[in-house]
Amino acid sequence: MTHDPTAHLTPADYDAIARELDDLREEIFAELGDDDAAYIHKVIRWQRYLEIGGRAMLMASSLPPAWLAGTATLSVAKILENMEIGHNVMHGQWDWMRDPKIHSTTWEWDNVSPAEQWKHSHNFVHHTYTNVLGKDNDVGYGILRVTPEQPWNPVYLAQPFYNALLAMFFEYGVALHDLDLEKIRRGEDDREVTRAKLRDIGRKVRRQWAKDYIAFPLLSGPQFLSTLSANFSANIVRNVWAHTIIFCGHFPGDIDVFEVGEEQLDGETRGEWYVRQILGSANISGGKLFHLMTGNLSHQIEHHLFPDMPSNRYAEIAPRVRALCEKYGLPYHTGSLRKQAGSTWKKIVRYALPGPSRTPAPPRAPLAKSKEPVAA
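- Looking at an unreviewed UniProt entry, one finds the chain named Acyl-CoA desaturase, with Actinomadura rayongensis as its source organism.

Shown next as C-alpha cells:
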C-alpha cells in the first residue's frame, strides 16, 4: 500500500477504539438470552426439515422435477448447515448456552474438512493473523496471488482456471488448509503430524462419501445414479456459494494485506488488532434472507471484530461499527454481491500476470496478534 489509512491515528485513538468496541461487545453479550437461543434452534430445525425434504424428493430423482426440487432443497440445507450453523457453532458463538449438542467442542459439520483441523487453521491462525503475509494462509489459500505483495510466478498464469476448480471443490481445499502445504513442499513439516492429519481427513472424506454417494443413492433403489448426481450437484452448489461469500469478504477492492516482521507480531494492542480486522475485511450488502444464507458472513467486518458473537447480532451492530469507522476516519468496505465478486475476480485475473510493482508503505503499528486472547 502506498497510502496508509491509519497514518492519522494516535495511540490515544487506538485506545479509544478498543474501549468503544470492547464496550459494544460487552453490551451485546450481556443481552444474550432466550431469543438468541430460540434463533439458532429454529435455524437448525429448519435446516433439518430442508435436508429431510430434499432427500425425500430425491427418492424419485429419475423424474426431472423431483431431481431439480430435491437438489435445490438439499443445496439450501447444506449451505445453511455449513454457513450459518457449522461455521458459527465451531467459532463458539453458541457456547454460552452450555448445550452440549450445539457447542464448538462437539459439532462436526457436513463437510470433508475435520472440525478440529478447521478450527485451528481458521479460528486461530486466520483470525489471529488476518491478512498478514507469511502468517495467514487464507491470503490466496496458498495457490492464488491476490495482491502485488505476493511475488509473481509463472504458475499463477492459470489461476483463474484453478480458482474456478477451487470454487467447485472448495470443501477439499478447506480440508487440506491446515496441512500448510508450503511447509510440506519445503520439507519443514512434522511428517508424523502431517500423516495423522491426512488420516483424519481420509476418515472424514470416507464418511461424507458413504453418506452422499453410497447410502442415500442406494436408498433410492433403481434411481441410484440420478440420486448420486443430485447429491454431487448439491455439494458443488454449496461449495461455489461458500467460496464466493468467503472470497468476497477477504479479497475485493482495497482490502489491506500486511507485510510485517516477527518483531511487530509481539507488541500489538487490542485497538491495533481491531483496526487490522476492519482494514482486512469487507461486507456484502443484502436483505435478511441473503444474510442468513451467507451465515451472516456478509457482515465480515463485524465477524472479524467479534468472531465469537452470535451471528444473528451482526446486523444489529453493523451501523454502530460503521459509525465508529467514520468517527476515526477508517474505511468500511462494503458493496453488493455483484460488486464484491466482480472486484475479487478482477484481482484474480490481474494478478495472474506479472506486476504491478508496489512500493511498500512504512511499517505500521497495527499488525500482529493481540496482547489479549482473541475470542475464536
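**Points about the packing of aromatic side chains**
Inference 1: Scanning all chains against the criterion turns up 15 aromatic pairs.
Inference 2: Judged by centre distance (6.3 Å) and plane angle (40°), the ring pair of Trp94 and Trp96 falls under tilted.
Inference 3: Exposure remark for Trp94: the relative accessible area of 0% places this residue in the buried category.
Inference 4: Overall, the relative accessible area of 29% leaves Trp96 in the partly exposed class.
Inference 5: Through a chain of ring-to-ring contacts, three or more aromatic side chains come together here, namely Tyr141, Phe170, Phe247 and Phe251.
Inference 6: The positively charged end of Arg55 is found above the aromatic ring belonging to Phe216, 4.0 Å away from the centroid.
Inference 7: A cation over a ring is seen here: Lys135 above Tyr129, with NZ or CZ 5.4 Å from the ring centre.

**Digging into helix H1 (residues 11-31)**
Inference 1: Helix length check: H1 (21 residues) gives 31 Å between terminal C-alpha atoms against 30 Å at 1.5 Å per residue, within 8%.
Inference 2: For H1, every residue scored as buried is listed here: Tyr14, Ala16, Ile17, Ala18, Leu21, Leu24 and Ile28.
Inference 3: Looking at the buried residues of H1, the elements they touch are helix H10 (270-279), helix H12 (300-305) and helix H13 (314-327).

**Remarks on the pattern of salt bridges**
Inference 1: Applying the stated rule across the entire model yields 22 salt bridges.
Inference 2: For Glu108, the salt bridge identified is with Lys204, shortest N-O distance 2.8 Å. Linking Glu108 in the loop between helix H3 (64-90) and helix H4 (115-128) with Lys204 in helix H8 (residues 191-219), this pair joins segments that are 96 residues apart in sequence.
Inference 3: Sharing partners across several salt bridges, the network here consists of Glu51, Arg55, Lys78, Asp110, Lys211 and Asp212.

**Section: unusual backbone geometry**
Inference 1: The omega angle of the peptide bond from Gly355 to Pro356 is -10°, so this bond is cis rather than trans.
Inference 2: Mapped onto the secondary structure, Pro356 falls in the segment after helix H14 (337-350).
Inference 3: With a phi angle near 60°, Arg98 is a residue other than glycine that sits in the positive phi range.
Inference 4: When you line up the elements, Arg98 lands in the loop between H3 and H4.
Inference 5: By relative accessible area, which is 73% here, Arg98 ends up exposed.
Inference 6: Even without being a glycine, Asn296 presents a positive backbone phi close to 60°.
Inference 7: By the secondary structure assignment, Asn296 is in the loop between helix H11 (288-293) and H12.
Inference 8: Judged by its relative accessible area of 6%, Asn296 falls in the buried class.

**With respect to the packing of H3 against helix H9 (residues 224-248)**
Inference 1: Contact geometry of H3 with H9 gives a least axis separation of 8 Å together with a crossing angle of 40°. As far as their axial angle goes, H9 and H3 are oblique. Handedness of the H3/H9 crossing: right-handed. Residues Trp67, Thr71, Leu74, Ser75, Lys78, Ile79, Asn82 and Met83 of H3 touch H9, and the partners they reach there are Ser226, Ser229, Ala230, Asn231, Ser233, Ala234, Asn235, Val237, Arg238, Trp241, Ala242 and Ile245.
Inference 2: Residue classes in the contact of H3 with H9 are distributed as 10 nonpolar, eight polar and two charged.

**Some remarks on the environment of Tyr14**
Inference 1: Among the structural elements, Tyr14 can be located in helix H1.
Inference 2: Among the residues examined, Tyr14 registers a relative accessible area of 7% and is labelled buried.
Inference 3: On a C-alpha basis, the gap between Tyr14 and Asp178 in space is 32 Å, while along the polypeptide they are 164 residues apart.

Reading guide: rules and limits
- Residues numbered from 1 in each chain as written.
- Predicted model: local features only at pLDDT ≥ 70, side-chain atom pairs only at ≥ 80, totals over all residues.
- Heavy atoms only, no water.
- Phe/Tyr/Trp six-rings, centres within 6.5 Å; stacked < 30°, edge-to-face > 60°.
- Buried < 20%, exposed > 50% of the residue type's maximum accessible area, 1.4 Å probe, protein only.
- Lys NZ or Arg CZ within 6 Å of the ring centre and 35° of its normal.
- Helix = DSSP H or I, 4+ residues; strand = E, 2+ residues; numbered from the N terminus.
- Expected span 1.5 Å × (residues − 1).
- Contact = heavy atoms within 4.5 Å.
- Salt bridge = Lys/Arg side-chain N within 4 Å of Asp/Glu carboxyl O.
- Axes fitted to C-alpha atoms, helices over the stretch in contact; angles between N-to-C directions.
- Parallel < 35°, antiparallel > 145°, perpendicular 65-115°, else oblique.
- Left-handed = near helix turned anticlockwise from the far one by under 90°.
- Nonpolar A, V, L, I, M, F, W, Y, C, P; charged D, E, K, R; others polar.

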